[in-house]
Amino acid sequence: DPQQLELATSGKRKLRRFIVIDEVVDELYGSKVREYFEENNVQHKILALPTTEETKSMDLVLNILQEVQNFSIDRRTEPIIAIGGGVCLDIVGLAASLYRRRTPYIRVPTTLLSYVDASVGAKNGVNFLQCKNKLGGYTPPVASFLDRSFIQSIPRRHISNGLGEILKMALMKHKGLFDLLKSHGKYLLDTKFQSYSGSANHRDAALQTTRIAIETMLEELAPNLWEDDLDRLVDFGHLISPELEMRVLPSLMHGEAVNIDMAFMTYVAYARGLITAEEKEQIIQCMRGLELPVWHGGCSWPLIKKALMERLKHSGGQPRMPLPTGLGVAEIFNDTSEETLERAYKLWVRD
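The shown structure was predicted, so the numbers you read here are calculated from the model rather than taken from an experiment.

Rules used in this analysis
Residues numbered from 1 in each chain as written. Predicted model: local features only at pLDDT ≥ 70, side-chain atom pairs only at ≥ 80, totals over all residues. Heavy atoms only, no water. Core = buried A, V, L, I, M, F, W, Y, C linked by side-chain atoms within 4.5 Å. Buried < 20%, exposed > 50% of the residue type's maximum accessible area, 1.4 Å probe, protein only. Domains from an automatic or database assignment. Contact = heavy atoms within 4.5 Å. Pairing = 2+ DSSP bridges. Helix = DSSP H or I, 4+ residues; strand = E, 2+ residues; numbered from the N terminus. Axes fitted to C-alpha atoms, helices over the stretch in contact; angles between N-to-C directions. Buried area = accessible area lost by both parts, 1.4 Å probe. Salt bridge = Lys/Arg side-chain N within 4 Å of Asp/Glu carboxyl O. Polar contact = N/O pair within 3.5 Å; in protein donor to acceptor, adjacent residues only side chain to side chain. Phe/Tyr/Trp six-rings, centres within 6.5 Å; stacked < 30°, edge-to-face > 60°. Disulfide = S-S within 2.5 Å. Left-handed = near helix turned anticlockwise from the far one by under 90°. Nonpolar A, V, L, I, M, F, W, Y, C, P; charged D, E, K, R; others polar.

Novice: Please clarify how the nonpolar core should be interpreted in this entry.
Specialist: What tends to happen in soluble globular proteins is that the nonpolar side chains get buried as a cluster. In terms of nonpolar packing, the biggest core is built from 71 residues, with L167, F264 and M265 touching the most fellow members. Counting the residues that make up this core, at least three belong to each of domain 1 (14–152) and domain 2 (155–196 + 203–223 + 231–350). Every residue in contact with M265, bar those within four places of it in the chain, is listed here: F236, L239, I240, L308, M321 and L323. By size, the runner-up hydrophobic cluster in this structure holds 25 residues, among which are L60, Y99, Y105 and V126.

Novice: Got a minute to help me understand the sheet that holds strand 2 (residues 43–49) in this structure?
Specialist: Across a sheet, paired strands are connected by hydrogen bonds in the backbone, their directions being either parallel or antiparallel. Reading across the sheet, the five strands line up as 2-1-3-4-7 and stay open at both edges, with parallel pairing between neighbours. One side of each edge strand has no neighbouring strand; the edge strands of this open sheet are strand 2 and strand 7 (143–144). Contacts between helix 2 (residues 23–39) and the sheet are confined to strand 1 (16–22), strand 2 and strand 3 (80–84), with strand 1 contributing the most and set at about 160 degrees to the helix. Against the sheet, helix 4 (residues 86–98) engages strand 1, strand 3 and strand 4 (105–109), with an angle of about 165 degrees to strand 3.

Novice: Looking at this model, I keep getting lost on the domain arrangement of the chain. Mind explaining?
Specialist: Where interface size is quoted, it is often the accessible area lost as the parts come together. Along its sequence, the chain is organised into domain 1 (14–152) and domain 2 (155–196 + 203–223 + 231–350). Just the C-alpha atoms count here: the centres of domain 1 and domain 2 sit 27 Å apart. Every contact between the two is made by 20 residues of domain 1 and, on the other side, 27 residues of domain 2. Interface area for domain 1 against domain 2, summed over the two sides, is near 2,000 Å², with a carbon-plus-sulfur share of 68%. Inspection of the domain 1/domain 2 interface yields one salt bridge. Note that E245 is salt-bridged to K132, the shortest N-O span being 3.3 Å. Inspection of the domain 1/domain 2 interface yields four residue pairs in polar contact (both at pLDDT 80 or more). Where the side of domain 1 that touches domain 2 is concerned, the elements lending two or more residues are helix 5 (112–118), strand 5 (123–128) and strand 6 (131–138). Considering each element in turn, the side of domain 1 that touches domain 2 owes the most residues, five residues, to helix 5.

Novice: Honestly, the packing of aromatic side chains in this entry has me stumped. Any pointers?
Specialist: The final tally for this structure, using the stated rule, is eight aromatic pairs. Judged by centre distance (5.7 Å) and plane angle (40 degrees), the rings of W301 and Y345 are tilted. Taken together, the residues span a long stretch of sequence, with W301 in helix 12 (residues 301–314) and Y345 in helix 13 (residues 338–350) at a distance of 44 residues. A residue is classified by how much of its surface remains accessible, and W301, at 13% relative accessible area, is buried. Note on Y345 and W348: the rings are 6.0 Å apart at their centroids and 65 degrees apart in plane angle, and the pair reads as edge-to-face. Of this pair, Y345 and W348 are both found in helix 13, three residues apart, which corresponds to roughly one turn of the helix.

Novice: Where do I start with the pairing of strand 3 in this structure?
Specialist: Each regular strand carries side chains that alternate between the two faces of the sheet. Counting buried residues in strand 3 gives five out of five residues, a clear majority hidden from the surface. A two-sided burial pattern is seen for strand 3, the buried positions comprising I80, A82 and G84 on one face and I81 and I83 on the other. Where strand 1 and strand 3 come together, four bridges link them in parallel fashion. Each residue of the ladder has a partner; that of V20, found in strand 3, is A82.

Novice: What is the right way to read the state of the cysteines from this model?
Specialist: By the definition in use, this model includes zero disulfides. Free cysteine C299: the closest other cysteine sulfur is in C131, separated by 17 Å. Classification of C299 by relative accessible area gives buried; the value is 1%.

Novice: Would you explain the packing of helix 10 (residues 254–271) against helix 13 in this entry?
Specialist: Geometrically, a packed helix pair is captured by the angle between its two axes and the distance between the axes. Between helix 10 and helix 13, whose axes approach to 8 Å, the crossing angle comes to 115 degrees. Here helix 10 runs over helix 13; the crossing is right-handed. The residues of helix 13 that touch helix 10, namely those facing I260, A263, F264, Y267, V268, Y270 and A271, are T340, L341, R343, A344, Y345, L347 and W348. Its residues placed into classes, the contact of helix 10 with helix 13 shows 12 nonpolar, one polar and one charged.

Here it is in structure tokens:
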């Protein structure tokens, strides 16, 4: 808005910002963030919080809102800034959407998973009654600022965790992305998605994979931002994983639980004759190459049946099961029999 820009730069009014930052990110980058606001003469309040799946609750949202109220922001011109992983972005998004009915907010993702997933789209939420994201809404941010340099400080397992969501988009929509992950997966893990001038053999794989993952995600989300259409390819890996993830907290990270779901669904696709044995093997080997789990003892047959029953409740009485029909292509199915699912489960466990 030109008028707001003029007001901000004219010096008539001091710029003010309220920032919520994950406490781990604050330890690593907090001093730089404070320095940035001080150098730009911005009056600011930085709230560092533990943002994990275990703390992802309405209590934390209300805690944030109490601090926002104390700081007193202008809901038209002073967006709340969230700096952290997907949980932080989800919590702050919900808090902003509730304050004065809708306060603008900005997402700054600091993990690979949030960079390619939580930074895109309109959803926000918190866990409730041991159910993942049971409370939430659809309020898109005014902006997402993407900076891969944050990713260099996160542990290798967190990089792998983010690769789970990138692989989801590759399997559903983009054979080229799948090939990139197959060829450069170890390199991306080793270099933590940083770009180096001496990496000619890898053709800046970090930039390519993140760009394609975000573009394919946007292609899927933009026409269906409010999820009016429940047939969503981006739900691949998200039929069983919410139940599994909440059941075994904190032993599995989100992308790991998603990958276990995707591994099982790859076997379902194979059992249905949608993919060949060779394609199934390529997918599983790619997952292993990305250092993602392809099975978990907690993912029992009763849990799978319960998760799919929950799915029916929340998707208009249809399973709406996205399945690969090749490498980088997929369709949504509503006719997978329990017999096929059980056969796939037995093959999966055997392997």
